[in-house]
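Architecture and fold: a report
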Amino acid sequence: MVSGLRVSVDRERCTGTGSCVFAAPAVFEQDDADGRVVLLREHPEPGESDDVQEAADVCPVAAIKLHRR
Ligand code: SF4
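Before going into details, it helps to say that this report is about the structure given with it. The model shown is predicted, which means the values in this text are computed figures rather than measured ones.

**Focus on the nonpolar core**
In this structure, C20, A24, F28, V52, A55 and I64 are the most contacted members of the largest nonpolar core, which totals 15 residues. Elements with a minimum of two residues in this core: β1 (5–9), α1 (19–23) and α2 (49–58). Ranked by residues supplied to this core, first place goes to α2 with 3 residues. Apart from the residues lying within four places of it in its own chain, the contact partners of I64 are V7, S8, V9, C20, F28, A55, A56 and C59.

Here it is as structure tokens:
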């Protein structure tokens, strides 16, 4: 469990695969208009950190960054 996790996404880099949404649907969704990632929560709950880490790991273009304080 990780505390103080902050997430950022690079929508310019995102190619809209949806892999992050599948891994962590509470934190990421896809924009209805262009299919790119939308960050729902910049500061996920501690219990979501594993899912968020998986989302970052599976993103094919490394558009998800995790920042730990
Ligand atoms: S996994 Fe990466 S490329 Fe795919 S929708 Fe999420 S941020 Fe975009």
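**Quick notes on the pattern of salt bridges**
Oppositely charged side chains may form a pair once their charged atoms are brought near each other. Under the definition given, this model contains 5 salt bridges. Among the ionic pairs, R6 bridges to E42, the shortest N-O distance being 3.5 Å. Of this pair, R6 sits in strand β1 while E42 is found in the loop between β3 (37–39) and α2, placing the two residues 36 residues apart along the sequence. Accessibility expressed as a relative area gives 30% for R6, which makes it partly exposed. Residues participating in the shared-partner salt-bridge network are R11, D31 and D34.

**Things to note about the environment of F28**
Structurally, F28 can be placed in strand β2 (residues 28–30). With 13 residues separating them along the chain, F28 and R41 place their C-alpha atoms 7.5 Å apart. F28 has contacts with V7, V9, C20, V21, V37, V38, L39, L40, V52, A55 and I64, leaving out every residue within four places of it along the chain.

Quick notes on the rules
Residues numbered from 1 in each chain as written. Predicted model: local features only at pLDDT ≥ 70, side-chain atom pairs only at ≥ 80, totals over all residues. Heavy atoms only, no water. Core = buried A, V, L, I, M, F, W, Y, C linked by side-chain atoms within 4.5 Å. Buried < 20%, exposed > 50% of the residue type's maximum accessible area, 1.4 Å probe, protein only. Helix = DSSP H or I, 4+ residues; strand = E, 2+ residues; numbered from the N terminus. Contact = heavy atoms within 4.5 Å. Salt bridge = Lys/Arg side-chain N within 4 Å of Asp/Glu carboxyl O.

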